[in-house]
Amino acid sequence: MKISRVKAKDYSIIIGKNSIFTLTSEIKSHCPKCKKVAVIIDRKIPKRFLLKIKKNLKRYKIFVFFTSSSEKIKNFNQVSMLINKLLKLNFNRSDLIIGVGGGIIGDMTGFVSSIYKRGINFINLPSTLLAQVDSCIGGKTGVNSKYGKNLIGSFYNPKVVISDTEFLKSLPRREIICGYAEILKHAIIYDKKFFNFLKKNTKNILSLKNKVLTKSINKSCKIKLSFTERDFKEKGLRMKLNFGHTFGHALEIQNKYSNKLNHGEAVLVGMLIATKISKFKNLCSENTHNEILNLYKDSDLIKNVKKYLNKNMILKSIKFMRNDKKKDDDKISFIFLKRIGKTTAPGKHKFKIDQIESLVQRLF
Ligand SMILES: NC(=O)c1ccc[n+]([C@@H]2O[C@H](COP(=O)([O-])OP(=O)(O)OC[C@H]3O[C@@H](n4cnc5c(N)ncnc54)[C@H](O)[C@@H]3O)[C@@H](O)[C@H]2O)c1
């Protein structure tokens, strides 16, 4: 069993095949007074994982809550329902919530944990690639509102993250591509060497070859941490992680968070739009743009996103940027690319909605 541990300031991320079996010892060391454990688990996760988790929790009183993952149920009603259940069961702060699922369950259970009695122990077991390489890191928790995505939330770290790569075996390929999008983003914004590694290994990552997969998860976690640890509350630097996300979020809202376009696919589209604008504004070279585009083409990612790289579709989505969290006046802040491994500074490039519209008119 080859397991690696990435250390953040307040918690560790344990990565690898069968890392789930570290759960008992992690609970013992981080939650010594815990008596009750609430396991909030995505119902699509194969039952054998719940059995493994239960095996690790024999000494505790366990309560299992199955939940579905959809952006539509990632809301305050669901949070309130979970909190009422925990209150009824008289959970204390020294007890524990374990979230087992993708980014939706992780964000929601993290949020519940942060507000339940002003903060209960929380352990995250991310079960999608996107959650393992991105959403489990950095302490952002939250839910959606009718005004937009993730507008209600908190910053709250788990006691530990356990990323068992075995979870990924039951994940549909489309979801694996979603996680890969965030891995790619991390390489594009921070690490040219890692980008070159991805050029050679994308197909192996997408087919879950353990060695390259674990290496990519590990590397991705480290890159994300290098931003979030220096800017936990997203005052500046951390905004670089939003590369491709402003366009991506707008497209997701336009598609009503439906299955037609999921988060990672939206990010893939958003990164290409942002790179195209970077090239147009002479911030990055044509070569940089082409290197990224070629990676999409060589690894077949392009076919997942092609239909969204359409002028009318992008134009229609732009109005949904109004509620973007990166907007602090009537302008929206964008992160663009200088070269692979380096972005523009947060706050440097701000546009009004009509300026973005005219850019898209000219470029697509
Ligand atoms: N907190 C952060 O920093 C952060 C960062 C990025 C994304 N996010 C959030 O993450 C969410 C997206 O996360 P996601 O892509 O993991 O989505 P998700 O949680 O909806 O999971 C994707 C799909 O996979 C299924 N699933 C989960 N684990 C499975 C498994 N092991 N086997 C089979 N099916 C499984 C789910 O039921 C769902 O249908 C968005 O809400 C986004 O806002 C948060």
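Note that the structure is predicted; figures quoted are calculated from it, not measured.

(A) Main features of the overall build of the protein. A count of helical and extended segments in the protein gives 14 helices and 13 strands. For the protein, whose C-alpha radius of gyration is 20 Å, the value lies close to the compact-globule estimate of 21 Å for 364 residues. For the protein, the spread of C-alpha atoms along the three principal axes comes to 60 × 40 × 35 Å. Within the protein, the proportion of its 364 residues that are buried is 46%. A fraction of 74% describes how many contacts in the protein between residues 6 or more apart in sequence connect residues 24 or more apart.

(B) View of the site of the ligand. By nearness alone, 28 residues border the ligand, and Gly102, Gly103, Ile104, Thr128 and Ser135 come closest of all. Looking at the shell around the ligand, the elements with two or more residues in it are helix H4 (103-115), helix H5 (129-135), strand S8 (148-155) and helix H6 (173-190). Residue classes in the shell around the ligand are distributed as eight nonpolar, eleven polar and nine charged. Both of domain 1 (3-170) and domain 2 (173-363) provide at least three residues apiece to the shell around the ligand.

(C) The pairing of strand S6 (residues 121-126), seen in detail. The buried fraction of S6 is high, at six of six residues. Here S6 shows no split at all, with Asn121, Ile123 and Leu125 on one side and Phe122, Asn124 and Pro126 on the other all buried. The pairing of strand S5 (residues 96-101) with S6 spans six bridges and is classified as parallel. Residue pairing for S6: valine 100 is matched across the bridge by leucine 125. Between the parallel pair S5 and S6, the chain is carried across by H4, and the sense of this crossover is right-handed.

(D) Focus on the environment of aspartate 231. Topologically, aspartate 231 is positioned in the loop between helix H8 (210-228) and helix H9 (245-254). Residue classification places aspartate 231 among the partly exposed residues on the basis of 16 C-beta atoms within 10 Å. Linking aspartate 231 and leucine 337, residues 106 residues apart in sequence, is a C-alpha distance of 20 Å. Residues contacting aspartate 231, with those up to four places away along its chain left out, are Gly236, Leu237 and Arg238.

(E) A look at helix H11 (residues 286-298). For H11, which comprises 13 residues, the first-to-last C-alpha distance of 18 Å matches the rise-based estimate of 18 Å (1.5 Å per residue) to within 8%. After H11 finishes, the residue aspartate 300 shows a positive phi value of roughly 70°.

(F) Local environment of the sheet that holds strand S4 (residues 61-67). Read across the open sheet, the seven strands follow the order S1-S2-S9-S6-S5-S3-S4; overall the sheet is mixed. Each having just a single partner strand, strand S1 (3-7) and S4 make up the two edges of the open sheet. Each adjacent strand pair in this sheet contributes to an overall mean axis angle of 15°, direction not counted. Bridge count for S6 against strand S9 (residues 160-164) is two bridges, and the pairing is parallel. If you follow isoleucine 123 over to S9, its bridge partner there is valine 160. The strands touched by helix H1 (residues 23-30) are S5, S6 and S9; relative to S9, the strand with the most contacts, the crossing angle is about 175°.

(G) Spatial organisation of unusual backbone geometry. The residue arginine 118 is not glycine, and still its phi comes out positive at about 60°. Note on placement: arginine 118 falls in the loop between H4 and S6. Of note, glutamate 234 is a non-glycine position whose phi angle comes to about 55°, a positive value. Within the secondary structure, glutamate 234 is located in the loop between H8 and H9.

(H) Just the packing of H6 against helix H10 (residues 263-280), in detail. Closest axis-to-axis distance for the H6/H10 pair is 7 Å, and the angle between their directions is 35°. Where H6 crosses over H10, the two elements pack in a sense that is left-handed. Contacts between H6 and H10 pair Ile177, Cys178, Gly179, Ala181, Glu182, Lys185 and Ile188 from the former with His263, Gly264, Glu265, Val267, Leu268 and Met271 from the latter. Here the residues of the contact of H6 with H10 are counted per class, giving seven nonpolar, three polar and three charged.

(I) Main features of the domain arrangement of the protein. Each assigned domain of the protein is listed with its residue range as follows: domain 1 (3-170) and domain 2 (173-363). Taking only C-alpha atoms into account, the centre of domain 1 sits 26 Å from that of domain 2. Each side of the interface is counted separately: domain 1 has 28 residues, and domain 2 has 29 residues. Looking at the side of domain 1 that touches domain 2, the elements with two or more residues in it are S1, strand S2 (12-16), H5 and S8. Sort the elements by how many residues they give to the side of domain 1 that touches domain 2 and H5 lands first, with five residues. Residue classes in the side of domain 1 that touches domain 2 are distributed as twelve nonpolar, nine polar and seven charged.

(J) Looking closely at the packing of H10 against H11. The N-to-C vectors of H10 and H11 enclose an angle of 165°; their axes lie 9 Å apart at closest approach. Compared by their axis directions, H10 and H11 come out roughly antiparallel. Considering the relative orientation of H10 and H11, their crossing is left-handed. For the pair H10 and H11, the contacting residues are Thr275, Lys276 and Lys279 in the first and Glu286, His289 and Ile292 in the second. Of the residues in the contact of H10 with H11, the class split is one nonpolar, two polar and three charged.

Basis of the calculations
- Residues numbered from 1 in each chain as written.
- Predicted model: local features only at pLDDT ≥ 70, side-chain atom pairs only at ≥ 80, totals over all residues.
- Helix = DSSP H or I, 4+ residues; strand = E, 2+ residues; numbered from the N terminus.
- Rg over C-alpha atoms; globule rule 2.2 N^0.38 Å.
- Buried ≥ 20, exposed ≤ 12 C-beta atoms within 10 Å, placed from the backbone.
- Contact = placed C-beta atoms within 7 Å.
- Near = placed C-beta within 6 Å.
- Nonpolar A, V, L, I, M, F, W, Y, C, P; charged D, E, K, R; others polar.
- Domains from an automatic or database assignment.
- Pairing = 2+ DSSP bridges.
- Right-handed = clockwise from strand over helix to strand, strands pointing away.
- Expected span 1.5 Å × (residues − 1).
- Axes fitted to C-alpha atoms, helices over the stretch in contact; angles between N-to-C directions.
- Left-handed = near helix turned anticlockwise from the far one by under 90°.
- Parallel < 35°, antiparallel > 145°, perpendicular 65-115°, else oblique.

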